[in-house]
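# Chains, contacts and geometry: an overview
What follows is each chain in one-letter form.
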Number of protein chains: 2
Amino acid sequence: MTLPGEEAPLAATVDFDVGDLLASARLNEVPTPFLVVDQPTLERNLAAMQNAFGGRSASLRPHVKTHKCTAIARLQVAAGAVGVTCSTTDEVAAMAAAGIGDVLLGNVVTDRQRLRSLAASATVARVAVAVDSEEAVSLLAAAAAAVGALVGAVVEIDIGMARNGVASVADGIALAETIAATPALELRGVMAYEGHLVDTADRAERGELAVRAFEPALELLHELRARGLEAPILTGGATATHDSTGALPEMTDVQAGTYALMDATYRKLAPEFEPAAVVVATVLTSRADGPLVLNLGQKRLGSDWGHPEIVGYEARHLYTAEEHCVFQHAGGPRPRVGERVALLPPHICTTMGLYREAFAWRDGEVADGFAIDARDPLA
Amino acid sequence: MTLPGEEAPLAATVDFDVGDLLASARLNEVPTPFLVVDQPTLERNLAAMQNAFGGRSASLRPHVKTHKCTAIARLQVAAGAVGVTCSTTDEVAAMAAAGIGDVLLGNVVTDRQRLRSLAASATVARVAVAVDSEEAVSLLAAAAAAVGALVGAVVEIDIGMARNGVASVADGIALAETIAATPALELRGVMAYEGHLVDTADRAERGELAVRAFEPALELLHELRARGLEAPILTGGATATHDSTGALPEMTDVQAGTYALMDATYRKLAPEFEPAAVVVATVLTSRADGPLVLNLGQKRLGSDWGHPEIVGYEARHLYTAEEHCVFQHAGGPRPRVGERVALLPPHICTTMGLYREAFAWRDGEVADGFAIDARDPLA
């Protein structure tokens, strides 16, 4: 995949003063690597996305898998989000416990212990979950009935990811009918995720592909309503397609996530949002005409997508090993051995969960941080 | 990279009864995904590697980055290991606190806070660390002097990884002379790592490449000794080359790590060791002629190398997303939705740190588990 801007300036920039941050006496007491979130940038991103939903029939239901922080989720709801989307039952439990009243688990759950947790969350918040098989519905119904909870269910239909989701509209109708006939469950509607095309470089083409991909989901929704089934929700979408889903008037809940913190890769897809999170690392090795090596690797930097960038230095990322991130210096000043640098993570969603907390930075000072508190308690 | 046996049987096997494990009432109370280590297999691996060092002049110095467990490190030392190798100062601190008396940090450290931690560890254990620049030596010396510790230093020379390490024998000699002249430091010898060739498929070729790669490291060692410098150690190596380093009589400390727990990928390189660790996961989706999806992804399964395998089922791994591991069923019985399966991780070294503990399994029962206690406290 070549992303737009992939060959553009090598020296990453951010909208906040990284020099001040790296000079902070308090942060210099913390061993690297550690995460820092610039709060004003985060707040601008939250406001910008919320503004993009002004005057739209769809609501923003931010995906919290990207940050796993109840504190950030509360900011998103305070900014106007209708609720949140989660990817695990641990995220659901943390969000419900933090007072988020409306939680969608945008994933299928079939583990009995996790279903027990989900049903417990449904006794304190309005909870819905994706289902894609009769077995998943049956397991969910048993868990809900066991604690007397009413759990919402959205039928997930596969629109190209070849992952979760029913394979056809007919299968979706049959599943919805089962849900509607199950006392412990409430049919809420349809979910689909166009994840296979969110990294399409051209934005207009991406939007057209997304709208076309949703056709089976729309057909399923119409078929359910034609049968008199209550199916108020159509949910899906991402930061990269949040605007194009405006061409789908049936869409009710858009699951954009990455816009909150952004990263080196996603900013090329949605440049109206700015990176708010950096990882501070230390230069281990900086040989003249040789590698430039930082003291973090795959164990502390989600490395499944794109490339990290060093803020303010021209360097081309070569590879990330277990405990090393290796660049080639590409001109201009060269970071010294022992110097701390700010790194834009390649993929924020797989980076956040590798830390227990993120420091918060506001106007040149360390502010109250963000506990990354929606992880699996066993993680 | 195509590994030997990559096209071999799709249904993974292990040396312990996974059916019993999956039926365990106690483990069925734990939400998936979780890690389980089969203790007899672990013990056989530890004994087999230790036996391979019988009659050799080199010692085994196991790399604990692969498990990050002080309990497993203690078993390795009890089995005869001369000490351990670490990749982070957090691992060093945990090992020293757990009573491991001889600890090598096989990585460069230049972060002042981490150097402070390292020097503190050197007051309770014999500690050495890799260095590859005058700046790194100077930072290390300052940290050691600040607490009155004597810290060992090995000169790392780059033998092909293009990562850490001095670029030439001449640079290595100069650095060793600096170390020898620094009161807070003790020159211990030379380190090199042949990581760029450990996945060479043919074992004989791999061994020859490794021995040839070490030539500059040997030259550096000989030059240091010719100058009258004390340089007792030559350290490097891996599970995949532990035997071929026998052709290097100067090698003193072999840093094999993965042999303890193994994984789906490394077993193709060193089949004399058996996988001892599985991740238990639950089937989310299992569509006829469609994807087979498990409830864990990159956030709970190190996915930087190779492919996971499902024990006892024929399935071809397609991809691992953030929260999903997607296979194509390839014949034989098909796992049901809601069923728990045992997965061989593709890469154990990047999987262990994603969990807080591993359950231990012995002869059909859950035994005392392994705390994964050498992680970064901020992770």
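Residue numbering note: each chain is counted from 1, following its sequence as written. Here the convention is simple: chains get letters from A, ligands get numbers from 1, in the order in which they are written. Confidence filtering applies because this is a predicted model: local features only for residues at pLDDT of at least 70, side-chain atom pairs given and counted only at 80 or more, and all residues used for totals across whole chains, interfaces and linings. Water and hydrogen atoms were dropped before computing side-chain values, which therefore reflect all heavy atoms in the structure.

### Considering the sheet that holds strand S4 (residues 102–108) of chain B
Residues and elements named next belong to chain B. Here, strands pair whenever DSSP counts at least two bridges between them. Helix and strand definitions follow DSSP, with helices as H or I runs of at least four residues and strands as E runs of at least two, each counted in order from the N terminus. As summarised here, the arrangement of the eight strands in space is S2-S9-S8-S7-S6-S5-S4-S3, forming an open sheet in which the pairing is parallel. Unpaired on one side and paired on the other, strand S2 (59–60) and strand S3 (84–86) mark the two borders of the sheet. Where strand S8 (residues 233–236) lies against strand S9 (residues 253–254), two bridges are found, and the strand directions are parallel. For Thr 235, the partnering residue across the bridge sits in S9 and is Asp 253. Note on definitions: a residue-residue contact is assigned when non-hydrogen atoms from the two residues lie within 4.5 Å. Comment: axis = line fitted to C-alpha atoms, over the contacting stretch for helices; angle = value between 0 and 180 degrees taken between N-to-C directions. Across the sheet, helix H6 (residues 134–147) lies against S4, strand S5 (126–131), strand S6 (151–156) and strand S7 (185–191), angled at about 140 degrees from S7, the strand it touches most.

### Looking at the relation of the copies chain A and chain B
Each copy is superposed on the other by least squares, with the fit set by C-alpha atoms of residues at a pLDDT of at least 70 in both. Between chain A and chain B, the superposition needs a rotation of 180 degrees and an axial shift of 0.0 Å, giving an RMSD of 0.0 Å. When the rotation and shift are considered jointly, the pair of chain copies conforms to a two-fold rotation axis.

### Thoughts on unusual backbone geometry
Across the junction of Thr 32 of chain A and Pro 33 of chain A, the peptide omega takes the value 0 degrees, indicating a cis bond. Inspection of the secondary structure assignment puts Pro 33 of chain A in the loop between helix H1 (18–23) and strand S1 (34–38). A positive phi angle, near 60 degrees, is found at Asp 289 of chain A, a position not held by glycine. With respect to the helices, strands and loops of the structure, Asp 289 of chain A is situated in the loop between strand S10 (277–286) and strand S11 (291–294). Not every positive phi belongs to a glycine, and Lys 68 of chain B is a case in point at roughly 55 degrees. Positionally, Lys 68 of chain B belongs in the loop between S2 and helix H3 (70–78).

### Examining the side chain of Arg 340 of chain A
With respect to the helices, strands and loops of the structure, Arg 340 of chain A is situated in strand S15 (residues 340–344). A distance of 3.1 Å separates the side chain of Arg 340 of chain A from the backbone oxygen of Leu 27 of chain A, its partner in a polar contact. In protein, a polar contact requires one atom able to donate a hydrogen and another able to accept it; more generally it is a pair of N or O atoms within 3.5 Å, and residues adjacent in sequence count only if both atoms are side-chain atoms. A distance of 2.7 Å separates a polar side-chain atom of Arg 340 of chain A from the backbone oxygen of Val 30 of chain A. In this structure, Arg 340 of chain A is in contact with Leu 22, Leu 27, Asn 28, Val 30, Pro 31, Thr 32, Phe 34, Val 280, Ala 281 and Thr 282 of chain A together with Asp 111 and Gln 113 of chain B, ignoring residues within four places of it in sequence.

### Observations regarding helix H4 (residues 89–97) of chain A
H4 of chain A sits mainly inside the fold: seven of its nine residues count as buried. For every residue, the accessible area (1.4 Å probe, protein chains only) is compared with the maximum for its type, and the residue is labelled buried under 20%, exposed over 50%, or partly exposed between those bounds. Of the positions making up H4 of chain A, those classed as buried are Thr 89, Asp 90, Glu 91, Val 92, Ala 94, Met 95 and Ala 96 of chain A.

### Examining the pairing of strand S10 (residues 277–286) of chain B
Residue and element names in this part refer to chain B. Most of S10 is tucked away, with ten of its ten residues classed as buried. Sheet analysis places strand S1 (residues 34–38) next to S10, joined by four bridges and oriented antiparallel. Directly across from Phe 34, in S10, lies its bridge partner Val 280. Where S10 meets strand S15 (residues 340–344), four bridges bridge the pair, whose relative direction is antiparallel. Within S15, the position partnered with Ala 281 by the bridge is Val 341. Relative to strand S11 (residues 291–294), S10 runs antiparallel, the two sharing three bridges. Considered in S11, the bridge of Ser 286 is made with Leu 292.

### Re the sheet that holds strand S9 (residues 253–254) of chain A
Residues and elements named next belong to chain A. Read from one edge to the other, the open sheet built from eight strands follows the order S2-S9-S8-S7-S6-S5-S4-S3, with strand pairing classed as parallel. Taken across any chain shown, the strands that pair with only one partner, and hence form the sheet edges, are strand S2 (59–60) and strand S3 (84–86). By the bridge criterion, three bridges tie strand S7 (residues 185–191) to strand S8 (residues 233–236) in an arrangement that is parallel. Its bridge partner being in S8, Met 191 is matched across the sheet by Thr 235.

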